[in-house]
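Coordinates in review
Spelled out from the first residue to the last, the chains are:
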Amino acid sequence: MTDFEPNILAFCCNWCSYAAADLAGIGRMKQPTNVKIVRVMCSGRVKPEFVIKALADGVDGVLILGCHIGDCHYVSGNHRTKKRFEIFSKLLGHMGIDPRRIRLDWASAAEAIEFAKIITDFTETIKELGPNNYAGKHERATA
Amino acid sequence: MNEQLREVVKGLFARDEVEVVVSLKLNEGCVAPHMYSKEDDLSSMVHSPKYPIGIVVSMIQKKYPDTKIGVVIRGCDERILIELAKRNQVNLDNIVLVGIACTEEDAKDCLCETPFPTKIDIGEKVEGITTDENIEKISQMDMDERFDYWMGQFDKCMKCYGCVYACPTCICENCILEEDMWVKTGELPPEFPSFHLIRAYHSTDRCVDCHECERACPAHIPLVTLYRMIRKDVEDMFGYKIGTDVNEKPPLVTVLEEEG
Amino acid sequence: MTEEHTHEVVDGTPEMDEPRIGVYICDCGVNIAATVDTKAVTEHASKLPYVVIAKNYKYMCSDPGQNLIKDDIKEYNLNRVVVASCTPRMHEPTFRAAVVEAGLNPCLFEMANIREHCSWIHKEMDSATVKAIKIVELSVARAPLLEPLTAAEVGVTRVGLVVGGGIAGVRAARDIADRGFPVHLVEREPYLGGRIIWLSKLFPLRKCEEDCVGDCAPCFVTPELKEAVNNPNIHVHVNSEVSDLDGYVGNFNVKIKENPLYVDKDRCTLCGECTKVCPVSVKNDNDYGMSERKAIYRPSEAAVPVTYVLDDVNCSYFTGGQCEGHPLCVDACKFGAINIDAKERTVEAEVGAIVVATGSDNYDASQKSELLPQHPRVMTAPEFERISSHLGPTKGELLVNGTKPEKVAFISCVGSREGTGNTYCSRVCCMYTAKEAHTVRKKLPDAKITVYYTDVRTFGKGHDEFYVKVLNEDVQYRQRELGHRLEVVENGPNVVVRAEGHDDFEADLVVLATGMVPRSDAAEVMRLFNISRSADGFYLEAHPKLRPIDTFTDGVFLAGCCQFPKDITDTMFQASGAAARACGILSSPKLSLGEAVAFADETCTGCGQCVETCQYSAISLEEKDGKVVAVVNDILCKACGTCIAACPSGSMQQKHYTDEQVLAMISAMGGSSV
Ligand SMILES: Cc1cc2nc3c(=O)[nH]c(=O)nc-3n(C[C@H](O)[C@H](O)[C@H](O)COP(=O)(O)OP(=O)(O)OC[C@H]3O[C@@H](n4cnc5c(N)ncnc54)[C@H](O)[C@@H]3O)c2cc1C
Ligand code: SF4
Ligand code: SF4
Ligand code: SF4
Ligand code: SF4
Ligand code: FES
């Protein structure tokens, strides 16, 4: 299991979390290499359907990172993000997909240390959970 | 009970409360939705079996937006109309409801929690079924068991889209489940339950517990079990009860409460 | 509106059918190359789908680096460019400009961040290179789906609107007018000036003002107000309100409801004959009930426009009293100035920018029962301003119940800086308390004056100097803790101030330094102008430090106390600032908006979920080809994309961030090479 290098996708909003990632870079804050960032303007752009697609495509974990509540550049985009992902995590749980594979978190443009920590912690979590083999996991009657 | 129904409808016509009434018609042994007008013979009007009439109403209203329509409904039909109204598919202002309470058998058949509308014109109210063995069973399972359980079910899915088309609150003209970029088309059984995850996610703020999807499913997949589990969460987390108040906005489109 | 600029292909853009991608991997000196094997990344990129050419260069952002791209676009007929280098928050504009110079639409450029998000945060060359390759793959996967886009442009109506005719609104309107733009100034009351024409002196006091017995307002505020009324560019609407507003930056449509004054200001000679015959007498709110006025009256000698006005709420012609059928004032006016039949009218106007300057209300001291606010010897600071004003009910003689007070107490922070209730500091009370203490000293040289304060905040220019001067005028300042008990109790005809840690002080006048609170109708005004409020109830600025004048609604700016309590000096700063911001819009030939706006396609069912979701009310449901569908106003849309995730059917999309583009990147994540 220790050899497992998870493949992780992070959605970052342009104004806070992406900027935090940049600042973590400027501060040379070492992080695991597992996380790749897709930039969106606001965390409110991230459809839970994107996460379904990522899991279906074998991505091991998905981060959705926005501005803190109250700080969203678009005032309340992240309010919706929060509600959507709270409910979506529950749904994953009901379906037997470990909700720890997705994580919604906030990082302001100044929170480089916090950002690096989120990346590191989440990578650890996914390492513990092991690879996303949902697609191959279930033995099929039909197979 | 059919007699009683016809009497109520006659009353509506007599008082000029409505111009037409949408109900079910028995025709050569078949029951289908029908739009009755004042002059029509009402003797063919029946209230059973259950039929999701909301979509028909929506179609009629799109064509005749100003007509006052009477609609014969059950508990689930009312919830359907309310959810459709929230999404601008029907206009409740021009609708007069004739409420039918479902029988105990009906309720059991649908495992229905609320087998009656707010205002009952016909029939006696019976208590809803609040327990669901399937949900209890799944709740006991660990993650892997749940996944296996559901995949065992979804393996049976033949992507006939019966559930989507039967669902009265699935109103999208363009269903993303039919788009290759979201759900790989032409692939069975599904590797990953994208189809059912997306459908369940879309049901979170609109599934009215009518069971039409399950009735339509040739594979007998207990879809409503999943939708109920998530709907319960929506109720607990956001205090949102689907199909009760047309003025209540679905929680996923509104801002967080604490923040105003 | 949406379709016009959806897939518009800009002149000179190469054929869009087959994507031809150029990929450029930057070394950034050693910044990237020391940790990422840029050669390997380039090599890998050259094999990716649609990639025609992949190159590696030391500094892509340098002129030679940019030329490399420009030359290749021509040579290889590229129609997409991907640069893998630093953060797009740094050089995206640079490279966009470069591709534009070579004839490509800027939206056909895509950037991959392999510095901040890769080389700088990793040590191992192997794993960092693998990651850099993936990052480039993601961008190259998106690139073919990029579409050329042009930002929408709108014209501008070169007319301003200022709401609220206090000193803030008047300043803003004059500044806008002086730059040559017509401006509508809408004031709810029958006169301009707002609060300050009801104050006596205005701190910071200059030498001349310290000794003068008159008020400051008529001396230098009234002339300011007159300038506004006389300015041909300013359309003053007094006794008026904005009743409706729609539109967007540069193109607002406003309805102004004008209630009649019933007196023609140009005919009124201020003879006052009308007032003499008027049978109706009511309490004068502007004097907080300390005086009476008639139904036809002159609000204040400092008020502008300079005229009598008729108050139709109390006038007995309208209430069916004595004047019903035969208004006495009309007969009394020798100049025919009164038109009792004047009717309310609605003025419609198009405006390009709006300044909201609606001011604040006074804190209601009746909530502080422990301070005996109803006692005849206890008054609030605004009331004190009236009795010290030479235009006030006592003609400037300090009289309480007809007698001159001898022992005066001031209590600061009433209704401000509280744990519960108003937590903010009202920012003017310390200074006006010092000013009022000075007034007492001037008018009653022998009075005992005690100020109960919690902190003295005198941060403005000349403020602390003035405060020190007042301290030396035999005014006792007694400090207390905010949380400490302070009460006013009855003592015969007088009262006693009891403050923890201090001796009791018997007083025949107690002045409560009440702070400011948001206007009682702030919620309605907020909705009307589509702006927001902060937790304290005042209007919210777009950013407390960087954009303190702007709101979240483009083209709507804030000035004065409607945003938070401030003194006149700060109010004037902001008012001129707001006018400058508004003129910035009014003087632009066209407003250019973002490209990445949302749009709904024909599959929309009109379910309205997106409409509810949009913070900016940018989406409306409209009938199109016999069907109700969502329509996005490009100008209002801020391109957050929140509505897109609310649309179950994928009918709503965001340009430049389409579902397809994001999904392509997600697929690339899952795909091959790592
Ligand atoms: C007791 C007291 C003493 C003070 N003394 C001093 C002093 O000595 N020196 C000093 O610098 N500052 C002093 N201030 C502060 C000063 O009063 C303010 O800085 C100033 O009044 C702010 O001006 P404004 O235009 O923002 O608001 P306002 O003066 O409140 O004007 C707002 C105007 O908008 C109008 N309005 C409101 N809502 C609407 C609407 N919806 N539509 C149309 N019109 C509307 C109102 O009728 C009003 O005319 C004092 C304040 C108080 C309370
Ligand atoms: S029970 Fe099935 S058919 Fe009925 S609303 Fe829910 S998802 Fe749709
Ligand atoms: S009706 Fe049943 S089989 Fe058909 S798509 Fe829905 S779940 Fe699958
Ligand atoms: S992208 Fe954002 S601002 Fe634009 S219409 Fe959608 S929700 Fe509104
Ligand atoms: S959410 Fe989608 S389907 Fe519904 S109105 Fe908006 S664009 Fe149309
Ligand atoms: S802009 Fe960061 S969450 Fe909305």
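Residues numbered from 1 in each chain as written. Chains lettered and ligands numbered in written order. Predicted model: local features only at pLDDT ≥ 70, side-chain atom pairs only at ≥ 80, totals over all residues. Heavy atoms only, no water.

Looking at the overall build of chain B
A tally of regular secondary structure across chain B gives ten helices and five strands. Expected size for 260 residues packed as a compact globule is a radius of gyration near 18 Å; at 20 Å, chain B falls within 12% of this value. Judged by the C-alpha coordinates and their principal axes, chain B covers about 60 × 50 × 40 Å. When contacts within chain B are restricted to residue pairs at least 6 apart in sequence, those whose partners lie at least 24 apart make up 63%. Approximately 11,900 Å² of chain B is accessible, and the part contributed by carbon and sulfur atoms is 50%. In chain B, 29 positive and 48 negative side-chain charges are present, and the distance between their average locations comes to 3 Å. (Helix = DSSP H or I, 4+ residues; strand = E, 2+ residues; numbered from the N terminus. Rg over C-alpha atoms; globule rule 2.2 N^0.38 Å. Contact = heavy atoms within 4.5 Å. Areas by Shrake-Rupley, 256 points an atom, 1.4 Å probe, with all protein chains shown as cover. Lys, Arg positive; Asp, Glu negative; His and termini not counted. Charge placed at Lys NZ, Arg CZ, Asp CG, Glu CD.)

Examining the site of ligand 2
Residue and element names in this part refer to chain B. The full set close to ligand 2 counts 13 residues, and Cys167, Cys207, Cys210, His211 and Cys213 are the nearest of them. Every element with two or more residues in the shell around ligand 2 is listed here: helix 9 (212-216) and helix 10 (223-238). Residues of the shell around ligand 2, tallied by class, amount to eight nonpolar, two polar and three charged. (Near = heavy atom within 4 Å. Nonpolar A, V, L, I, M, F, W, Y, C, P; charged D, E, K, R; others polar.)

Observations concerning the site of ligand 5
Taken together, C:Cys604, C:Thr605, C:Gly606, C:Cys607, C:Gly608, C:Gln609, C:Cys610, C:Ala630, C:Cys647, C:Ser649 and C:Met652 are the residues near ligand 5. Its residues placed into classes, the shell around ligand 5 shows six nonpolar, five polar and no charged.

Considering the sheet that holds strand 3 (residues 61-66) of chain A
Spatially, the four strands line up as an open sheet ordered 2-1-3-4 (chain A), and their pairing is parallel. Looking along the sheet, the strands with just one partner apiece sit at the ends: strand 2 (35-40) and strand 4 (102-106) of chain A. Averaged over all pairs of adjacent strands, the angle between strand axes in this sheet comes to 20 degrees, irrespective of strand direction. With five bridges connecting them, strand 3 of chain A and strand 4 of chain A associate as parallel partners. Each bridged residue has a counterpart across the sheet, and for A:Val62 the counterpart in strand 4 of chain A is A:Ile102. Each of strand 1 (8-13) and strand 2 of chain A touches helix 17 (residues 659-670) of chain C; the most contacted strand, strand 1 of chain A, lies at about 150 degrees to it. (Pairing = 2+ DSSP bridges. Axes fitted to C-alpha atoms, helices over the stretch in contact; angles between N-to-C directions.)

Topic: the environment of C:Leu48
Residues and elements named next belong to chain C. Looking at where Leu48 falls in the secondary structure, it is placed in the loop between helix 1 (38-45) and strand 2 (51-57). On the accessibility criterion, Leu48 (14% relative accessible area) is buried. Remark: the alpha-carbon pair of Leu48 and Ala141, spanning 93 residues in sequence, is separated by 8.6 Å. (Buried < 20%, exposed > 50% of the residue type's maximum accessible area, 1.4 Å probe, protein only.)

Remarks on empty space enclosed by the protein
Within this structure, the stated rule accounts for 15 cavities of 30 Å³ or more. In this model, the largest cavity occupies a volume close to 280 Å³. Along its surface, the largest cavity is lined by 23 residues, and A:Ile37, A:Arg39, C:Glu110, C:Met111 and C:Met665 are the ones closest to its centre. Of all the elements in the fold, those that place two or more residues in the lining of the largest cavity are strand 2 of chain A together with helix 3 (88-101), strand 4 (109-113), helix 4 (125-142) and helix 17 of chain C. Split by residue class, the lining of the largest cavity holds twelve nonpolar, five polar and six charged. Space inside the second largest cavity adds up to approximately 160 Å³. The class makeup of the residues in the lining of the second largest cavity is seven nonpolar, three polar and four charged. (1 Å grid on protein atoms, 1.4 Å probe; cavity = no way out; pocket = protein on both sides within 12 Å on 5 of 7 lines; lining within 4 Å. Points joined across faces, edges and corners; volume = space filled by probe spheres on them.)

What to know about the nonpolar core
One finds A:Phe11 and A:Phe88 to be the most contacted residues of the largest nonpolar core, which totals 90 residues. Tallying contributions element by element places helix 10 of chain B first for this core, with eight residues. Counting residues domain by domain, this core receives three or more from each of domain 1 (2-110) and domain 2 (133-258) of chain B. Setting aside residues up to four positions removed in sequence, A:Phe11 forms contacts with A:Val38, A:Val40, A:Val46, A:Phe50, A:Val62, A:Leu63, A:Ile64, A:Leu65, C:Val662 and C:Ile666. Membership of the second largest hydrophobic core comes to 79 residues, among which are C:Val304, C:Leu391, C:Ala559 and C:Tyr616. (Core = buried A, V, L, I, M, F, W, Y, C linked by side-chain atoms within 4.5 Å. Domains from an automatic or database assignment.)

A look at the packing of helix 12 (residues 429-443) of chain C against helix 13 (residues 463-471) of chain C
All names here are of chain C. Viewed as axis vectors pointing N to C, helix 12 and helix 13 meet at an angle of 40 degrees, and their least axial separation amounts to 10 Å. By the angle between their directions, the pair helix 12 and helix 13 is classed as oblique. Relative to helix 13, the crossing made by helix 12 is left-handed. Packed against helix 12, whose contacting residues are Met431, Ala434, Lys435, Ala437 and His438, the element helix 13 presents His463, Phe466 and Val470 at the interface. Its residues assigned to classes, the contact of helix 12 with helix 13 shows five nonpolar, two polar and one charged. (Parallel < 35°, antiparallel > 145°, perpendicular 65-115°, else oblique. Left-handed = near helix turned anticlockwise from the far one by under 90°.)

What to know about the interface of chain A and chain B
Contact with chain A, which involves 36 residues of that partner, is made by 43 residues of chain B. Approximately 3,600 Å² of surface area, both sides summed, lies buried where chain A meets chain B, with 68% of it carried by carbon and sulfur atoms. Contact with chain B buries area across many residues of chain A, yet A:Lys83, A:His94 and A:Met95 alone supply 22% of it, more than any other trio. The interface formed by chain A and chain B contains zero salt bridges. At the boundary of chain A and chain B, one finds ten residue pairs in polar contact (both at pLDDT 80 or more). Residue assignment for the side of chain A that touches chain B shows that the elements contributing at least two residues are helix 2 (48-56), helix 3 (77-95) and helix 5 (134-137) of chain A. Per-element accounting of the side of chain A that touches chain B gives the leading share, 14 residues, to helix 3 of chain A. Per-class residue counts for the side of chain A that touches chain B are 16 nonpolar, seven polar and 13 charged. (Buried area = accessible area lost by both parts, 1.4 Å probe. Salt bridge = Lys/Arg side-chain N within 4 Å of Asp/Glu carboxyl O. Polar contact = N/O pair within 3.5 Å; in protein donor to acceptor, adjacent residues only side chain to side chain.)

Section: the packing of aromatic side chains
All told, the structure shown has 17 aromatic pairs over all chains when counted by the stated rule. Considering the side-chain rings of A:Phe50 and B:Trp182, the 6.0 Å spacing of their centres and the 15 degrees angle between planes classify their relative orientation as stacked. Of the two residues, A:Phe50 sits in helix 2 while B:Trp182 sits in the loop between helix 7 (162-166) and helix 8 (194-203), which places them in two different chains. Taken together, A:Phe11, A:Phe50 and B:Trp182 form an aromatic cluster joined through their ring pairs. Directly above the aromatic system of C:Tyr657 lies the positively charged group of C:Arg142, at a separation of 5.0 Å from the ring centroid. (Phe/Tyr/Trp six-rings, centres within 6.5 Å; stacked < 30°, edge-to-face > 60°. Lys NZ or Arg CZ within 6 Å of the ring centre and 35° of its normal.)

Comments concerning the domain arrangement of chain B
Residues and elements named next belong to chain B. Assigned domains within chain B: domain 1 (2-110) and domain 2 (133-258). The C-alpha centroid of domain 2 is placed 27 Å from the C-alpha centroid of domain 1. With 16 residues of domain 1 at the interface, the matching set in domain 2 holds 20 residues. With both sides pooled, the region where domain 1 packs onto domain 2 buries about 1,500 Å², and carbon together with sulfur makes up 61% of that total. It is Arg79, Lys86 and Arg87 in domain 1 that bury the most area against domain 2; as a group they hold 35% of the surface buried on that side. At the boundary of domain 1 with domain 2, the tally comes to three salt bridges. For the salt bridge of Asp205 with Arg87, the shortest nitrogen-to-oxygen distance reads 3.6 Å. Where domain 1 packs against domain 2, one counts seven residue pairs in polar contact (both at pLDDT 80 or more). Counting only elements with at least two residues in the side of domain 1 that touches domain 2, the list comes to helix 3 (75-86) and helix 4 (104-110). Per-element tally for the side of domain 1 that touches domain 2: the top contributor is helix 3, with eight residues. Residue classes in the side of domain 1 that touches domain 2 are distributed as nine nonpolar, one polar and six charged.

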